[in-house]
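Fold and geometry: a report
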Amino acid sequence: MEDKKVLIVDDQNGIRILLMEVFSSEGYNTFQAPNGKVALEIVNNDKPDLVLLDMKIPGMDGLEILKHIKEIDPGIKVIMMTAYGELDMIKEATDLGALMHFTKPFDIDEMRVAVNMQLRNGTANKCS
């Protein structure tokens, strides 16, 4: 089985480290980005299978990053993370193709189950 790639995009270093540890221990190749510019470079160069994307990031916000990810590769799965209950932004993210969202502080086990479901049950149709 090919290694699945998970990209974690959050401006909070502690959250990136926590999620990288969790998903590395699940056997995924993990990448991290503190902002949209770095995230989009990783999407272009490494083609992650799934992106955990924070909604509120200084500079380019989560919705803008989501739009760019879907332009680069509509097949990349995206799960949003937000510390706010902005229903309009969450709805817009879903309209743009996000699969689901987690509100911080999230239950790490729920997130692990959601990511495993997305990556282990879905077959990746990647062309290398």
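Residues numbered from 1 in each chain as written. Predicted model: local features only at pLDDT ≥ 70, side-chain atom pairs only at ≥ 80, totals over all residues. Heavy atoms only, no water.

- As named in an unreviewed UniProt entry, the chain is Response regulator, taken from Paenibacillus amylolyticus.

1. Considering the side chain of Asn116
- Positionally, Asn116 belongs in helix α5 (residues 108–121).
- Of the residues examined, Asn116 reaches a relative accessible area of 13% and is grouped as buried.
- Here the side chain of Asn116 touches Tyr28 through a polar contact of 2.6 Å, side chain to side chain.
- Once residues lying within four places of it in the same chain are set aside, the contact partners of Asn116 are Glu26, Tyr28 and Asn121. (Helix = DSSP H or I, 4+ residues; strand = E, 2+ residues; numbered from the N terminus. Buried < 20%, exposed > 50% of the residue type's maximum accessible area, 1.4 Å probe, protein only. Polar contact = N/O pair within 3.5 Å; in protein donor to acceptor, adjacent residues only side chain to side chain. Contact = heavy atoms within 4.5 Å.)

2. Concerning the sheet that holds strand β4 (residues 77–82)
- Spatial strand order, β2-β1-β3-β4-β5: 5 strands in an open sheet with parallel pairing. Looking along the sheet, the strands with just one partner apiece sit at the ends: β2 (29–33) and β5 (100–103). For this sheet, the mean angle separating the axes of adjacent strands, direction not counted, is 20 degrees.
- Examined bridge by bridge, strand β3 (residues 50–54) and β4 share 5 bridges and lie parallel to one another. Residue pairing for β4: Leu53 is matched across the bridge by Met80.
- Its contacts with the sheet place helix α2 (residues 36–46) against β1 (5–9) and β2, and it is angled at close to 150 degrees to β2. (Pairing = 2+ DSSP bridges. Axes fitted to C-alpha atoms, helices over the stretch in contact; angles between N-to-C directions.)

3. Notes on helix α3 (residues 62–72)
- Turning to α3, its buried residues are Gly62, Leu63, Ile65, Leu66, Ile69 and Lys70. End-on view of α3: buried residues confined to an arc of 160 degrees, all on one side of the axis.
- The inward-facing, buried residues of α3 abut β1, α2, β3, β4 and α4 (87–95).
- With a side-chain oxygen positioned 3.1 Å from the backbone nitrogen of Leu63, the residue opening α3 is Asp61. (Arc of directions from axis to C-beta.)

4. Examining the environment of Leu52
- By the secondary structure assignment, Leu52 is in strand β3.
- For Leu52, a relative accessible area of 0% corresponds to the buried category.
- Filtering out sequence-adjacent residues up to four positions away, Leu52 remains in contact with Val6, Leu7, Ile8, Val9, Leu19, Phe23, Ile79, Met81, Met111 and Val115.

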